[in-house]
Amino acid sequence: MSRSSFSPHATDDGVSTTSRRSKSETSVAIESSTFEAEVAAAAPALSGAALTAAIAFVAGTGFTLFGYDQGVMSALLSAKQFEDVFPQVVVDSAHPNHATLQSFVVAIYEIGCLIGALSNLWVGDWLGRRKTIVLGGVIMIIGAILQTTSFSYAQMVVARIITGLGNGLNTSTVPSYHAECSPAARRGSLIMIEGSLITFGIMISYWIDFAFFWISGSSAQWRVPIALQIILAVIMICGISFLPESPRWLAKHGRNAEALAVISALDGKPYTDPDVQQTYHGIREAIAAESHFGANSSPLREVFTNGRSQNFRRAFLGVVVQCFQQITGINIITYYATLLFERLGIDDVKARIIAAANGTEYFLASLVAIFLIERVGRRPLMLFGAVGQTITMVLLAVLGSIDTSGTQLASAVLLFVFNSFFAVGWLGMTWLYPAEIVGLRIRAPANALSTASNWTFNFMVVMVTGPSFNNISWGTYIVFAALNALIIPVVYFFFPETAGRSLEVDMDVVFALAYNEGVSPVKVSLRKDVPPAGSAEADEILGITGRDGSVREDAPRETEKA
């Protein structure tokens, strides 16, 4: 046996501890240097406020496109050239069954959106946020071209399904992408701006429809308004190509250097800054905490689990809030504004002007929510909107039953009032809340399911509106008054407050603490003593550490290298 083997500074293999430590330190230094180089190489071209503004612009363009596509059919349904090409949409005493065909050509778009949203269950995490948005934009362009060149009812139906497919991909991806690239303090207002841009798109579509209404001798009367959405899709696709991927998605897929570079750029600070490092490690901690089902577990499967993470409950809240947005009845107005005003005895031209003015007021009202969302919170705005919408629907039903020239004028005003309540309480909220309430690991499938809920109930509302007004007239408003009234207690008792919480561990702590204490997450979300993410108390609540601060053997751990 050699002497060195007995030396206190040597190991069994005869290599000195000092030598081994030196090699280890050298290896760490090389790895650190390599990681720094990777972070530097992955730095986006833009940073700070410029990057935040660019992301907001591209995300906003996507939602403007969404709004435009929703509103453009409103005035076209009764345009002369559109009726000549598609006589199936003309509803009169000789063709009462055409009310269903008219509703169908509008509502079938939502089926395409539903398919697109559901496909994001698999596509979203596979492609990433940016590529999914590009794919959605390309599909929308194809669908818009097919709609513009339609010469038969069947072609228009198929074209609207294809357009909806692309929009479904976008609407289930853009909110997540924007939320994941926004600071918690400004996330609410930034997403609310997106909601406002939906109404901005609707407003533009109404005024463009009105402008082309005067071209009564050419099919350009309806073809050009439909084709113009291609411009917005092209801007969105070109814009997203210059933006970075979501840092949450990058970290989830082990691309840590890129994730850190993007976080650094978003904050406009060096990657060594404590705030940047806190965000970065918070994301990785969330990934570790949500990975306790193993690397082979599907995020979709994890949606249907509970325990401390409460994944199913959180995903279900996202599904419900999107359902609630649609059963308010907002798309009675959005899709059929011109027809609703014509039903009130207003002539063709004035109905279009009032519809366009309605869309403009809708946009202006939505701006109010931008300034209230972080000051007031999510729950109060949802409750305010639901109460106002219920009262408005009741009044519309009462006035509709009387049906005089005076009540018709009052009903027209109430359609403006309803839009205002909805714009403040529910317009942008249902795109913000699902992205905030769920954890990172299940965010893509959960948002796909919640968006699918939106389109399912959107289809139902738009499909039944025409036949409903034909058969029960003002009674339609009673149905929606009851549905709005249902929303109030559900929000009050079951919807936690998410204002000011991070997208990572903060909401995980809220639900885990509620689970541990056997109380409602709503009560916990309103408490001021919830430990901040990353603290020892939060780690214990999440089950990462024991009461003595030691890491639990069964606790989730990060296995990827930093």
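Look a little higher up for the structure.
The following paragraphs examine the structure supplied in this document.

**Quick notes on the packing of helix α16 (residues 311-327) against helix α23 (residues 475-494)**
- Put simply, α16 and α23 touch, their axes get as near as 10 Å, and they point 150° apart. It follows from the interaxial angle that α16 and α23 lie roughly antiparallel. The handedness of the crossing between α16 and α23 comes out as left-handed. Across the interface between the two elements, Leu317, Phe324 and Ile327 from α16 touch Phe480, Leu483, Asn484, Ile487, Val490, Val491 and Phe494 from α23.

**Remarks on the pattern of salt bridges**
- Applying the stated criterion across every chain yields a total of 11 salt bridges.
- Among the ionic pairs, Asp84 bridges to Lys80, the shortest N-O distance being 3.2 Å. Here Asp84 pairs with Lys80, and both are found in helix α4 (residues 80-85), just 4 residues apart, close to one helical turn.
- For Lys80, a relative accessible area of 46% puts it in the partly exposed group.

**Examining the packing of helix α21 (residues 429-437) against helix α22 (residues 443-472)**
- As a packed pair, α21 and α22 sit with axes 9 Å apart at the nearest point and diverge in direction by 150°. With respect to their mutual orientation, α21 and α22 come out roughly antiparallel. Where α21 crosses over α22, the two elements pack in a sense that is right-handed. For the pair α21 and α22, the contacting residues are Trp431, Pro434 and Ala435 in the first and Arg443, Asn447, Ser450, Thr451 and Asn454 in the second.
- Residues that form the contact of α21 with α22 fall into these classes: 3 nonpolar, 4 polar and 1 charged.

**Observations regarding the side chain of Ser246**
- In this structure, Ser246 sits in the loop between α11 (229-240) and α12 (247-252).
- A polar side-chain atom of Ser246 sits 3.2 Å from the main-chain amide nitrogen of Arg248.
- For Ser246, the contacting residues outside a window of four places in its chain are Arg129, Tyr177, Glu180 and Cys181.

**Observations regarding the packing of aromatic side chains**
- For the coordinates displayed, the defined rule picks out 20 aromatic pairs.
- On the basis of an interplanar angle of 65° and a centroid distance of 5.3 Å, the ring pair of Phe86 and Trp222 is categorised as edge-to-face. One end of the pair, Phe86, is in the loop between α4 and α5 (98-127); the other, Trp222, is in helix α10 (residues 220-227), with 136 residues separating them in the sequence. The same class applies to Phe86 as to Trp222, namely buried.
- In this structure, Arg379 is placed above the aromatic ring of Tyr492, and the distance from its NZ or CZ to the ring centre is 5.6 Å.

Rules of the game
Residues numbered from 1 in each chain as written. Predicted model: local features only at pLDDT ≥ 70, side-chain atom pairs only at ≥ 80, totals over all residues. Heavy atoms only, no water. Axes fitted to C-alpha atoms, helices over the stretch in contact; angles between N-to-C directions. Helix = DSSP H or I, 4+ residues; strand = E, 2+ residues; numbered from the N terminus. Parallel < 35°, antiparallel > 145°, perpendicular 65-115°, else oblique. Left-handed = near helix turned anticlockwise from the far one by under 90°. Contact = heavy atoms within 4.5 Å. Salt bridge = Lys/Arg side-chain N within 4 Å of Asp/Glu carboxyl O. Buried < 20%, exposed > 50% of the residue type's maximum accessible area, 1.4 Å probe, protein only. Nonpolar A, V, L, I, M, F, W, Y, C, P; charged D, E, K, R; others polar. Polar contact = N/O pair within 3.5 Å; in protein donor to acceptor, adjacent residues only side chain to side chain. Phe/Tyr/Trp six-rings, centres within 6.5 Å; stacked < 30°, edge-to-face > 60°. Lys NZ or Arg CZ within 6 Å of the ring centre and 35° of its normal.

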